[in-house]
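Tertiary structure, described
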Amino acid sequence: MKALRHRLRQLRSINELKPNPNSYPSKKTLTQRNQSFNNYDKPRPVGDSDIKQWNMAISAHMRNSQLDSALHVFNLMPRRSSVSYNAMISGYLMNGRFDLARNLFDEMPERDLVSWNVMISGCVRNNNLAAARELFEKMPERDVVSWNAMLSGYAQNGCIGEARNIFDRMPYKNSISWNALLATYVQNGRMEEACRLFESKSDWDLVSWNCLMGGFVKKKMLVDARRVFDRIPFRDKISWNTIITGYAQNGEIEEARRLFNESPVRDVFTWTAMVSGYVQNGLVDEAREIFEEMPQKNAVSWNAMIAGYVQCKRMDMARKLFEEMPCRDVTTWNTMITGYAQIGEIAYARDFFDRMPRRDTVSWAAMIAGYAQSGYSEEALWLFVEMKRDGERLNRSSFACALSTCAHIVALELGNQLHGRLVKAGYESGSFVGNALLLMYCKCGGIEEACSAFAEIMEKDIVSWNTMIAGYARHGFGIEALKIFELMKATGVKPNDTTMIGVLSACSHAGLVDRGMEYFYSMNQDYGITVNSRHYTCMVDLLGRAGRLDEAQKLIRNMPFEPDAATWGALLGASRIHGNTKLAETAAELIFEMEPENAGMYVLLSNLYAASGRWGDVRKMRLKMRDTGVKKVPGYSWLEVQNKIHTFSVGDACHPDRDKIYAYLEELDLKMKREGYVSSTNLILHDVNEEEKEHMLKYHSEKLAVAYGILSIPAGRPIRVIKNLRACEDCHNAIKYISKIVGRLIILRDSNRFHHFREGSCSCGDYW
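A brief report on the enclosed structure follows. The residue numbers shown here count from 1 along each chain, following its written sequence. With the structure being a predicted model, the display of local features is reserved for residues of pLDDT at least 70 and the display and counting of side-chain atom pairs for 80 or more, all residues being used for whole-chain, interface and lining totals. Only heavy atoms go into the side-chain values, all of them from the structure, while hydrogens and water stay out.

Focus: the overall build of the chain
When its secondary structure is counted, the chain shows 42 helices and six strands. We call a residue buried when its accessible area falls under 20% of the maximum for its residue type, exposed when it is over 50%, and partly exposed in between, using a 1.4 Å probe and counting protein chains only. Expressed as a percentage of the 768 residues in the chain, the buried residues total 49%. Contact definition: two residues touch when any of their heavy atoms are within 4.5 Å. Restricting to contacts in the chain with at least 6 residues of sequence separation, those with at least 24 account for 60%. Accessible areas in this description were obtained via Shrake-Rupley with a 1.4 Å probe; residue shielding takes into account the shown protein chains only. Of the roughly 37200 Å² that the chain leaves accessible, carbon and sulfur atoms contribute 50%. Think of it this way: any DSSP run of H or I at least four residues long counts as a helix, any run of E at least two long counts as a strand, and we number them from the N terminus.

What about the pattern of salt bridges?
Only one rule defines a salt bridge in this text: a Lys or Arg side-chain nitrogen within 4 Å of an Asp or Glu carboxyl oxygen. Taken as a whole and assessed by the stated rule, the structure comprises 26 salt bridges. Residue Glu193 pairs with Arg190 through a salt bridge whose shortest N-O separation is 2.5 Å. For Arg720, the salt bridge goes to Glu449, with nearest N and O atoms at 3.6 Å. Placement of Arg720 in strand β3 (residues 719-723) and of Glu449 in helix α28 (residues 447-456) is noted, with a sequence separation of 271 residues between them. A relative accessible area of 17% places Arg720 in the buried class. You can call Glu449 partly exposed: its relative accessible area is 29%.

Describing helix α33 (residues 533-545)
Multiplying 1.5 Å by the helix residue count minus one yields the expected span of that helix. With 13 residues, α33 should reach 18 Å at 1.5 Å per residue; the first-to-last C-alpha distance of 18 Å fits that figure. Among the 13 residues of α33, 11 are classified as buried, and the element is accordingly described as predominantly covered. Taken residue by residue, α33 has His535, Tyr536, Thr537, Cys538, Met539, Val540, Asp541, Leu542, Leu543, Gly544 and Arg545 as its buried positions. In this structure, the buried side of α33 is in contact with α31 (497-510), α32 (513-527), α34 (549-557) and α35 (565-577). Of the residues flanking the start of α33, the one acting as N-cap is Asn532, its side-chain oxygen 3.0 Å from the backbone nitrogen of Arg534. Directly after α33, the chain includes Gly547, whose backbone phi takes a positive value near 85°. Whenever two N or O atoms come within 3.5 Å, that pair is a polar contact, provided that in protein one can donate a hydrogen and the other can accept it, and provided that, for residues adjacent in sequence, both atoms are side-chain atoms.

Some details on helix α37 (residues 599-611)
Under the 1.5 Å per step criterion, the end-to-end length of α37 is 19 Å for 13 residues, consistent within 8% with the ideal 18 Å. Most of α37 sits inside the fold, with 10 of its 13 residues counted as buried. Ala599, Met601, Tyr602, Val603, Leu604, Leu605, Ser606, Leu608, Tyr609 and Ala610 are the residues of α37 that are buried. Lining the buried residues of α37 we find α35, α36 (581-594) and α38 (615-627). Backbone geometry just after α37 places Gly613 at a positive phi near 75°.

Things to note about the environment of Met440
As for its placement among the helices and strands, Met440 is situated in helix α27 (residues 431-443). Here the alpha-carbon distance between Met440 and Ser404, two residues 36 residues apart in the chain, equals 6.3 Å.

Here's the deal with the packing of helix α7 (residues 113-125) against helix α8 (residues 129-138)
Convention adopted: a line fitted to C-alpha atoms gives each axis, helices being fitted over their contacting stretch, and angles between N-to-C directions are expressed from 0 to 180 degrees. Orientation of α7 relative to α8, taken along the N-to-C sense of each, is 160°, at an axis distance of 7 Å. One finds that α7 runs roughly antiparallel with respect to α8. In the packing of α7 onto α8, the handedness of the crossing is left-handed. Counting all contacts with α7, which are made through Trp116, Met119, Ile120, Cys123 and Val124, the residues of α8 involved are Leu129, Ala131, Ala132, Leu135, Phe136 and Lys138. Three residue categories are used. Nonpolar comprises Ala, Val, Leu, Ile, Met, Phe, Trp, Tyr, Cys and Pro, charged comprises Asp, Glu, Lys and Arg, and polar comprises the others, including Gly. Considered class by class, the residues forming the contact of α7 with α8 number 10 nonpolar, no polar and one charged. Each angle is binned into one of four classes, with values under 35 degrees roughly parallel, values over 145 roughly antiparallel, values of 65 to 115 roughly perpendicular, and all other values oblique. By definition, turning the near helix anticlockwise from the far helix through less than a right angle yields a left-handed crossing, and turning it clockwise yields a right-handed one.

Here we look at the side chain of Lys703
Looking at the element boundaries, Lys703 is found in helix α41 (residues 701-712). Given a relative accessible area of 5%, Lys703 falls into the buried group. Beyond its immediate stretch of four places on either side in the chain, Lys703 contacts Leu665, Tyr677, Leu697, Lys698, Asp730, Cys731 and Ala734.

Some remarks on the environment of Glu107
Looking at the secondary structure, you find Glu107 in helix α6 (residues 98-107). Here Glu107 falls in the exposed class, since its relative accessible area comes to 57%. It is 9.5 Å that separates the C-alpha atoms of Glu107 and Tyr85, two residues lying 22 residues apart in sequence.

Shown next, in the form of structure tokens:
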């Protein structure tokens, strides 16, 4: 009797704790309920109403993300029903613990239809369609919920054929089934199939009409969208907003305004659609008029107006509106950061970034991109590191900006570390980040790594192909570049003008004159590409390097437009290579008229005079440079060792390992001379004796960098050196000997191309 009274008191306690259906129980209530359950000293017979109370407690804990408490209650239950298991499984899935849900499902002594449906839906949400399909096929019985769960799973993952197969097998379809398949076609741009499905049924609801119309708007098929709009039996706000947005976003702002005026009811989204439409069509003042007329505004409205001013670079107006905005969100701050960064006001951008109450990945990416685009490469990389330390998830944009910065400053080791991180994040196969990674490796001298990165990109776009072609071309692997070009065409990707610049450059760097001419004269007929000045410059370079200077001049004379400084520069460079002083002087004079401050052209002509022994003309060129205020850009080389950049200038005396480097160069110089090396003293622009000329050549910046690389970088690893100017002929020749003597791969990037030195030869074939 005493035990019975105790039991009744416990049941009353449970009933008193029964949650209000309109609110979740507090943590205090849940704690009390747990204490009530913990008071059971031994299992007792429990009725269905009692089990219901236990199940409700489990669900309440799960809704509050108290998984351990829910499991504790579940384990205390004297008897469990399938509903108890289902509550636990649903709770685990709700809290993202698919593994625990699946384990419990597999342990269930008896499953009902709800159990199967819950688990299948969980697999779908976890993007595990294979597991969902396996469970679906094992089900002893199915209802329309089961079929719709599988249909929705395939639909959400773009598996159109599988979704249609499930739809056709369904013994009974409801509106959810029809709408799911329609949405699948629409979301994947399969509008013809969507229309056929739509016409096969007459009693579609308004959601379906709006879905079909929205699909046409997304595909910019406004005529079809309007046809659907006109057929809708009863239109709601979404119908009007969709068609107005469609016209506004596609440049038909007058028709959008007419429909806006006709709309029987307008909400904030209708007004915002018009503001955005005017902004996207560059009509910011008209957008402001609509904005001022709005009866009510939300954050989207304000952001659209501010974005309009940012796009027009009217940052004063954007800032004024920003200060007036009562409901700023993270998008507002990001827009202002982007706006200031785009006009080079990086200090203002950083001020907004620092004042943000909350940042997201877009905020970090915008600031990193701002630094990178403004030339603050070091700051961009430091901010990337800070973003990681701050615990912010690195997104595609931040990775792309950081990789582009590594490419700009040629920081390969850091780029390799970023590659490892983006692989962990699962971004390496996408074209957006994949292209940035590809460019980084190409610019940093890792052509083999670039080839691997290119292969990893699942869906290559035109940028992917062009980057790989240009990369091979700059590294001197012309044949490989042309193989990529042929593969590109075979996969159905149409070349563009940038593609052909890469192809012609590949032919030029590899000396493939006939193939280059064939591509040049057929590009318009074969690919519909109009030849521009950059294509002509490539051809002048191609013919000039091959010594066919007369043909290069003829090509320039027959150009359909006036040649620019780059074209004449290609001819001047070719004239220097082949010692044609007269032609070089003609080209140089034309360049000086177009670009009087182009120091590189003065140096090229001076080199040619010096090589010909015309010291009087060398002095005249120096005087001309002084009189016109042109200063020669000092040459320097650098390399990366253990994440640190080491920079050298000619005769550098500042490096802490200077004595060791110079001693090693003396040792190398003796070994090179034994192998047959002779200094190219004719390149010295000073009228001094041969011994002094040799001494001046010995300590060029690229030689110092290569020597330090050999001393500092472990054997077996390439030595990668970057030079800001074109590598001189003597250094090029010397590094070939050095690569043979030390048995190392030396990669030198100058202002024109990459040189891969191995076993005494260079990838350029001495053709640069």
